[in-house]
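Here's the letter readout for the chains.
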Amino acid sequence: MSEQPARIEGIPAGLTARGLDRDQTPVADWLCSCRIHERATGRAAVARLLARARIGHCPHSEAKTA
């Protein structure tokens, strides 16, 4: 059974990152324009999400068509 991403309605799409200071656990939230939410916790996971997330470009629709 695969885990389905959460679909969020009523909140504008965007990317937020917090806890980037020293001695904090970084957390990033990305709400894609297709309404899929992704969260990353930890320095390496946040770095990967920040590198992959593009506002106005949905990689989830490409994955569905591939």
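In this text, all values refer to a predicted model and were calculated from it rather than measured experimentally.

What counts and what doesn't
Residues numbered from 1 in each chain as written. Predicted model: local features only at pLDDT ≥ 70, side-chain atom pairs only at ≥ 80, totals over all residues. Heavy atoms only, no water. Patch = residues over 30% accessible without salt bridge, like charges linked within 9 Å, V, L, I, M, F, W, Y side chains within 5 Å. Areas by Shrake-Rupley, 256 points an atom, 1.4 Å probe, with all protein chains shown as cover. Salt bridge = Lys/Arg side-chain N within 4 Å of Asp/Glu carboxyl O. Helix = DSSP H or I, 4+ residues; strand = E, 2+ residues; numbered from the N terminus. Buried < 20%, exposed > 50% of the residue type's maximum accessible area, 1.4 Å probe, protein only. Core = buried A, V, L, I, M, F, W, Y, C linked by side-chain atoms within 4.5 Å. Contact = heavy atoms within 4.5 Å. Polar contact = N/O pair within 3.5 Å; in protein donor to acceptor, adjacent residues only side chain to side chain.

This paragraph deals with a nonpolar patch on the surface. Together, Leu 15, Leu 50 and Ile 55 make up an exposed nonpolar region whose accessible area comes to about 260 Å². In this fold, Leu 50 is placed in helix 1 (residues 43–52). According to the relative accessible area criterion, Leu 50 is partly exposed, its value standing at 34%.

In this structure, Ala 28, Trp 30, Cys 32, Cys 34, Ile 36, Ala 40, Val 46, Leu 49, Ala 53 and Cys 58 together form the largest nonpolar core, which totals ten residues. Contributions of two or more residues to this core are made by strand 3 (27–31), strand 4 (36–41) and helix 1. Residues contacting Cys 58, with those up to four places away along its chain left out, are Cys 32, Ser 33 and Cys 34.

The next thing to look at is the pattern of salt bridges. Enumeration according to the criterion identifies three salt bridges in this entry. Residue Asp 29 pairs with Arg 18 through a salt bridge whose shortest N-O separation is 3.0 Å. Highlighted residues: Asp 29 in strand 3 and Arg 18 in strand 2 (residues 14–18), separated in sequence by eleven residues. Overall, the relative accessible area of 10% leaves Asp 29 in the buried class. Its relative accessible area of 40% is what places Arg 18 among the partly exposed residues. Between Arg 52 and Glu 38 there is a salt bridge, with its nearest N and O atoms 2.4 Å apart. Residue Arg 52 is found in helix 1, and its partner Glu 38 is found in strand 4; the two are separated by 14 residues along the sequence. Overall, Arg 52 belongs to the partly exposed group, its relative accessible area being 42%. Residue Glu 38 is classed as buried on the basis of its relative accessible area, which comes to 19%.

Within the structure, Asp 29 has its side chain in polar contact with the side chain of His 37 (distance 2.9 Å). One polar contact links Asp 29 to Arg 39, side chain to side chain, over a distance of 2.7 Å. Non-local contacts of Asp 29, meaning those with residues more than four positions away in its chain, are made with Gly 14, Leu 15, Thr 16, Arg 18, His 37, Glu 38 and Arg 39.

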